[in-house]
Amino acid sequence: MKLLFIILNSAEKLEEVLEGLLEVGVTGATVVDSVGMGHIIEDVPLFAGMRNVFRSAKPRNNMIFSVISDTQAAEAMEVLDKILGCSQDKGRGIAFTLPIDSSIGICKES
Amino acid sequence: MKLTHYIRPDCFIAELPEKTREDALRRIVHAVAEKGYISDENAVFAKLMERENIQSTAVGNGIAIPHCFTDEVPDLIITLARSRAGLEFDSFDGKPTQVVFLLMGNRKEHSLHLKALARIARLIKSTSFIERIVASSTVEDMVRAFEQEEGKI
């Protein structure tokens, strides 16, 4: 089992990412509204002169996480690579998986 | 999964003369029955309309994705039909529907059905699939566009 973790730099890709997960059989995930560091720090007066450094900061981004099988993890990363990839300027988001050592409350699908 | 594994190009329709959702669905289902993929076209049509009556499957921007589960098919079947003039499909954006994806899945294959719907959603949003289908001259062009655009996602 793996924990799939996705941080979307822009909420515009959220729907497509969830559709991509459905495609590989992931039918459950937790989606959290989040704010990137750059969006907060650019409003701190000390850093006001460095706004261009944080210009990619979006007003809203998303974190998505889901516990999935090893097979799904490999397929999910493949589809996420196509959706997120790295554009010439900035990545649209990041995704990674972590092994799960132990868990409770996760039932095998019948 | 690849949608191209499940499409039936021999059932594709390059130009639907119909004007309404009901007539178009009847025509598409009839084309699938003619090729021998289903035997009871009335039952499949009834299932499709049952789904349409819950909420139209016309998702906007000229696209509709009618779908149903039926024991008539052992595996997923996907076909495509086009209407250059556009169909009245009760689309939520009020625009006429030009491209119809029709999916029929066996009720035991919920997971596959869901994967196909999700992949179609991505295909129509992230590629120039629809523009190419609308611009296609023949069924062969539609099949080629399908294969090439799906290869991009």
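The model shown is predicted, which means the values in this text are computed figures rather than measured ones.

A. Representation of the packing of helix 1 (residues 21–34) of chain B against helix 2 (residues 41–54) of chain B in the model. All names here are of chain B. It is the contact of helix 1 with helix 2, at a shortest axis distance of 10 Å, that shows an interaxial angle of 140°. Considering their axes alone, helix 1 and helix 2 lie oblique with respect to each other. Crossing of helix 1 over helix 2 shows right-handed handedness. Contact with helix 1, carried on its side by Arg21, Glu22, Leu25, Arg26, Val29, His30 and Ala33, involves Glu41, Asn42, Val44, Phe45, Leu48, Met49 and Glu52 of helix 2 and no other residues of that element. Here the contact of helix 1 with helix 2 is composed, by residue class, of 7 nonpolar, 2 polar and 5 charged.

B. Summary view of the packing of helix 1 (residues 14–23) of chain A against helix 3 (residues 70–83) of chain A. Residues and elements named next belong to chain A. Relative orientation of the contacting elements helix 1 and helix 3 amounts to 150°, with a least axis distance of 9 Å. By the angle between their directions, the pair helix 1 and helix 3 is classed as roughly antiparallel. Here helix 1 and helix 3 pass one another in a crossing that is right-handed. Listed contacts from helix 3 to Glu16, Val17, Gly20, Leu21 and Glu23 of helix 1 are Ala76, Val79, Leu80 and Ile83. Of the residues contributing to the contact of helix 1 with helix 3, the split by class is 6 nonpolar, 1 polar and 2 charged.

C. Region of interest: the interface of chain A and chain B. Of the residues lining the interface, 12 residues belong to chain A; the matching set on chain B comes to 11 residues. Of the roughly 930 Å² buried between chain A and chain B on both sides combined, carbon and sulfur atoms contribute 55%. There are 4 salt bridges connecting chain A and chain B. Among the elements of the structure, helix 1 and helix 3 of chain A are those that each provide at least two residues to the side of chain A that touches chain B.

About the cut-offs
- Residues numbered from 1 in each chain as written.
- Chains lettered and ligands numbered in written order.
- Predicted model: local features only at pLDDT ≥ 70, side-chain atom pairs only at ≥ 80, totals over all residues.
- Heavy atoms only, no water.
- Axes fitted to C-alpha atoms, helices over the stretch in contact; angles between N-to-C directions.
- Helix = DSSP H or I, 4+ residues; strand = E, 2+ residues; numbered from the N terminus.
- Parallel < 35°, antiparallel > 145°, perpendicular 65-115°, else oblique.
- Left-handed = near helix turned anticlockwise from the far one by under 90°.
- Contact = heavy atoms within 4.5 Å.
- Nonpolar A, V, L, I, M, F, W, Y, C, P; charged D, E, K, R; others polar.
- Buried area = accessible area lost by both parts, 1.4 Å probe.
- Salt bridge = Lys/Arg side-chain N within 4 Å of Asp/Glu carboxyl O.

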